[in-house]
Amino acid sequence: MYFDQLSSAVLQSSAWLQNQVPLAPSPPTVTGGGFRWDDITPEKHFAWHACFDDFKCARLQVPMDWQGNSSEANKTVEIAVIKIEATVPVTDPTYGGAVVLNPGGPGGSGIGQVQRGGKHVRTVLSAGPGAEEDTAKHYDIIGFDPRGVSNTRPLLTCFPDRIEAAVYGIEEEAHGYMGSSDKAFDNAWASKRAVADGCSKRAAEEGVAKHMSTAPVARDIVEIFERHGEWREQEAKNLLSEQTTLNTAEKTEVLRRTAWRKNQEKLQYWGFSYGTVLGATLTAMYPDRINRAVLDGVADSHDYMAGGWATNLRDTDMIWTKLADYCWQGGKKNCPVWHEDGPAVIAQNLAVTLQDLQQNPIGVPQTKSSGPALITANDFARLIFAVVYNPLKIFPLLVQVLHDLSTRNGTSLANWAHTQRPAGLNEPLSDQCSNDGPYSPACFERDADPKGGIISWDATYAIACSDASSTRVNDTKAEFATYVDLLTSQSRLIGAAWAGIMLPCTAWHARAHWRYEGDFHARTAEPILFVGNSIDPVTPLYNAFMMAKGYKGAGVLHQNSEGHCTYGSVSLCSGRAIRRYFQSGELPGKIGGLKDEEWAGFGLLCEPDLLPLGGYDGEGPGVPDMPKGEEDEELWKALVGLNRVWP
C-alpha cells in the first residue's frame, strides 16, 4: 500500500520533473570574481589564463564541422576549458598527464563540474600515501563545456533570455505532470513541441544544431589531448630553461618524456551518466588512443543512440523499498518517522501521510523572507526526483519533511521548494544583453549572483534528438502516449517524466551531420572500467555488465549502494579501486589491500562506508569519522566532498 500511495502521489506532480535535465547534469557555472569567459581570445592552441582563484581557463577553437563537407565547414566552435593543475610540474617523473571529465546530461557543464569537484577528483586519482615513487602518478583534471553548452560558443538556447526561460518553466509546472491526466498530456504535447519546433529550425539555420551530436564532441576530446600534449612539451622547455640543477642527460630525458606525440596522444577520461555514452563513443571511435577510461553510472549506449531512452528505469522504484529499512536501521535519532514496530509500520505510516497530502494540501503562512505557500503532492514529487539521485545526502531531508507533513506542517517542504524556484526573475537583464540582443549569451548571465551563470539546458534536446538514429518527428500523439505508458510501467515514480525527455524530439527538425553509427565493440589499447551501483535510478547496474561485454578485457566495479554514480555514496573500496586503475591500469579484481569480502568473482563488489539515515550530514561542514582501520584521510575527505558537491 505504501508504494501504491507513493506512486499515486507522484502521478499528481507537476511538469517540473519534465523540465529536469536527464542523467544528472551539472548546475550552471560560477561566474563571480570578475572573470568573464568572453574576455579570453579563442585560440587553436592552449593559452591558459588564471581564473576562479587557483584554476586555469582557456578557450580552444575547433572546426564546427570536423569532416569539412557541410555548409558550416568555414565556421568554428570556441570550447570553454578549465583545469586544476597537478600537484607536480610536467617535468616531474610522476606527472601523469591530464584526465578529462564529463558530468553527463547530455548538456551538463564540465566547467561547473570541475569547479565544484575537480580538486577532489585530483586527490582520488593521484598517488596517495605509500605509493611507490617510480610508479606514482599525479594528474591535471580538465573539464569542458560541450558544443552549444553554457560557456562554449556558439550557445544554443531556445529562449530569448533567462527571464523568458524561467517564466516558461513556471507555466509548464502549472500545466501539470504529463502522467497525471489527459489534459496534462495534451498541454505537454503542445507546449514542448512548440519550443522544439521553433528552436530546432532556428538553431539549424545557424548551423550549430547540426554539429552537437556525440561524435564531434568525442573528436573535440581528442583535440583537447593533442593541444595538451603540445602545451606540455612547451611548458617543459620553459621550466628546463630556468633549471640549473639538472645535467644535460637529465634534461634530455625530461624532454623525451614530455615530448608532444603528434596525432598519438593517449586519452584519459572519467565520464558520468550520459558521459558514459560519450565515453563509449570515444573509446569505440579511437580505441588505439585509450590509456585510461572509467565509465561511471553506465547508460545503455545502444538504446540511447536508437532514441529509445527505454532501458534506464529498470531499478528506479527499488530505492523506495529501501527507505523504511534505512529508517529502521538509523533509529529515532536519525529518522523522525521511525517506529518501534519496524519497517512495515513505518511504511504504512508514510502511506497515510502521503494520502492525506494528496487529498488535503497544506497552507504555509508567510515568513520574513518568503510569502505564503500552498504545499501539495506536486511539491513532494519534486523532492522525490532529487532523492532518488542521492539518497545518502537527501534521505534525512525527506524523512524530516515526511514527519512534518504527518503533523500537517508544510514548512520544511515549503522551504525546500522555495530554493528550487528560478532565480533572478526580479533582476533586470544586463546592458550587454540589450546591446547583443535576444538569444545572446549575455541574456543568460546574472552578474548579481556569483553562483549564477549561463543556463543552456536546451542543449539536452539538441544533443539527444540529433544522436538518435531514428527520428521521432513523425510520431503521432497516440504513438507517443504509448511510449509514455511503456516507461510508466517501468517506473511509477518517474516513468512519465522520463518520457518527457524525448517529447521535444517529435518536433526537432535539426539532424546531425556526423553521428556515431558503430556497435560499441572495440579492443582498446588499455582496457577500460565500467562502474555501476546496485540500485541506480536512471543507469541500472545491468548496463555496466552489458556494455562491458563489447570491450575486450574491460572490468566492472559494482558499488553496493543506492543513487546515481559512485559519488551518490561514499566508498573507500571504490575510491581505492579507481585510483589503482588510474595509477597502474590494474582492473578491479583480487587487488592487494582490499578485503576478501569485497571480491565478487567477476569485477569487484565494493560496500559503502556510509548508509542513508546513519547520521551523515550531506551539507557538512564537518567530515564524518573514517571507518576504523583506515588511514587515508585525504581520500576519505575527497570522496565525502564529491558526494556533497555533485551533481
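Residues numbered from 1 in each chain as written. Predicted model: local features only at pLDDT ≥ 70, side-chain atom pairs only at ≥ 80, totals over all residues. Heavy atoms only, no water.

### Brief notes about unusual backbone geometry
Let me state the cut-off plainly: Helical segments are the DSSP runs of H or I of at least four residues, strand segments are the runs of E of at least two, and each set is numbered from the N terminus. For the exposure calls, accessible area comes from a 1.4 Å probe over protein chains only, and a residue counts as buried if that area is under 20% of its type's maximum, exposed if over 50%, partly exposed in between.
Following Gly-105, the chain continues to Pro-106 via a peptide bond in cis, the omega torsion being -5°. Tracing the backbone shows Pro-106 in the loop between β4 (95-102) and α2 (110-125). Residues Arg-153 and Pro-154 are joined by a peptide bond in cis, for which omega reads 0°. For Ser-273, which is not glycine, the phi dihedral falls at a positive 60°. Relative to the assigned elements, Ser-273 resides in the loop between β6 (267-272) and α7 (274-285). The residue Phe-520 is not glycine, and still its phi comes out positive at about 55°. On the secondary structure map, Phe-520 appears in the loop between α18 (495-499) and β10 (529-535). For Phe-520, a relative accessible area of 2% corresponds to the buried category.

### What to know about a nonpolar patch on the surface
Keep this limit in mind: Residues enter patches when their relative accessible area tops 30% and they take part in no salt bridge; the joining distance is 9 Å for like charges and 5 Å for the nonpolar side chains Val, Leu, Ile, Met, Phe, Trp and Tyr. For every accessible area listed, the method is Shrake-Rupley and the probe measures 1.4 Å; residues are considered covered only by the protein chains on display. By convention in these notes, a salt bridge is any Lys or Arg side-chain nitrogen within 4 Å of a carboxyl oxygen on Asp or Glu.
Together, Val-167, Ile-170 and Leu-425 make up an exposed nonpolar region whose accessible area comes to about 200 Å². With respect to the helices, strands and loops of the structure, Val-167 is situated in helix α3 (residues 162-175).

### Thoughts on empty space enclosed by the protein
Vacant regions in the atomic arrangement are exposed by a probe of water-molecule size rolled over the atoms. We apply this condition: Using protein atoms alone on a 1 Å grid, points that fit a 1.4 Å probe yet trap it form a cavity, whereas open point sets bounded by protein on both sides within 12 Å along at least five of seven lines form a pocket; residues with an atom within 4 Å of a point count as lining. Grid points are joined across faces, edges and corners, and a volume is the space filled by probe spheres set on the points. Gly is placed with the polar residues, together with every amino acid not listed as nonpolar (Ala, Val, Leu, Ile, Met, Phe, Trp, Tyr, Cys and Pro) or charged (Asp, Glu, Lys and Arg).
In this structure the tally under the stated criterion is nine cavities of 30 Å³ or more. Here the largest cavity defines a volume of roughly 110 Å³. Taken together, 13 residues make up the lining of the largest cavity; nearest its centre are Thr-566, Tyr-567, Ser-569, Leu-639 and Leu-642. Counting residues per element, the ones that place at least two in the lining of the largest cavity are β6, α20 (572-584) and α21 (633-645). Here the lining of the largest cavity takes three residues from α20, the largest share from any one element. For the lining of the largest cavity, a count of residues per class yields seven nonpolar, six polar and no charged.

### Topic: the pairing of strand β5 (residues 138-144)
Across a regular strand the side chains alternate sides, sitting on one face of the sheet and then on the other. Put simply, the rule reads: Two strands pair under a simple rule: DSSP has to find at least two bridges between them. When the strands point away from the viewer, a crossover counts as right-handed if the path from the first strand over the helix to the second runs clockwise.
Counting buried residues along β5, seven of its seven residues qualify, which places the element largely inside the surrounding structure. The side-chain alternation of β5 yields two buried faces, one formed by His-138, Asp-140, Ile-142 and Phe-144 and the other by Tyr-139, Ile-141 and Gly-143. Relative to β5, strand β3 (residues 76-84) runs antiparallel, the two being bridged by four bridges. Along β5, the bridge assignment pairs Val-81 with Phe-144. Judged from the four bridges that link them, β4 and β5 form a sheet pairing that is parallel. Across the sheet, the residue bridging to Val-100 is Ile-142, located in β5. As a crossover connection, the stretch from β4 through α2 into β5 is right-handed.

### A word on the sheet that holds β5
Convention followed: All axes here are fitted lines through C-alpha atoms, helices being fitted over the stretch that makes contact, and every angle between N-to-C directions spans 0 to 180 degrees. Should any heavy atoms of two residues lie within 4.5 Å, those residues are counted as being in contact.
Taking strand neighbours across the sheet as the criterion, the ten strands line up as β1-β2-β3-β5-β4-β6-β7-β10-β11-β12 in an open arrangement whose pairing is mixed. The two strands at the open ends of the sheet, each matched to only one other strand, are β1 (49-51) and β12 (604-606). Looking at each pair of strands side by side, their axes are set apart by 25° on average, direction ignored. The strands touched by α2 are β2 (55-63), β3, β4, β5 and β6; relative to β5, the strand with the most contacts, the crossing angle is about 165°.

### What to know about the state of the cysteines
Rules: Note on terminology: pairs of cysteine sulfur atoms within 2.5 Å are recorded as disulfides.
Counting across every chain of the model gives six disulfides. Across the disulfide from Cys-51 sits Cys-57; the S-S distance is 2.0 Å. Measuring handedness by torsion sign, the sulfur bridge of Cys-51 and Cys-57 sits at about 80° and is right-handed. The pair formed by Cys-51 and Cys-57 is uniform in burial state, with each residue classed as buried. Covalently, Cys-465 is tied to Cys-505 through a disulfide, its sulfur atoms 2.0 Å apart. Of note, the bridge from Cys-465 to Cys-505 carries an S-S torsion of about -90° and is left-handed in sense. With a gap of 40 residues between them, Cys-465 in helix α16 (residues 459-467) and Cys-505 in the loop between α18 and β10 connect regions that are remote in the sequence. Of the residues examined, Cys-465 reaches a relative accessible area of 4% and is grouped as buried. What connects to what in the protein chain, once the bonded cysteines are numbered by sequence position, is 1-2, 3-4, 5-6, 7-8, 9-10, 11-12.

Nothing here speaks to function; it is all geometry.
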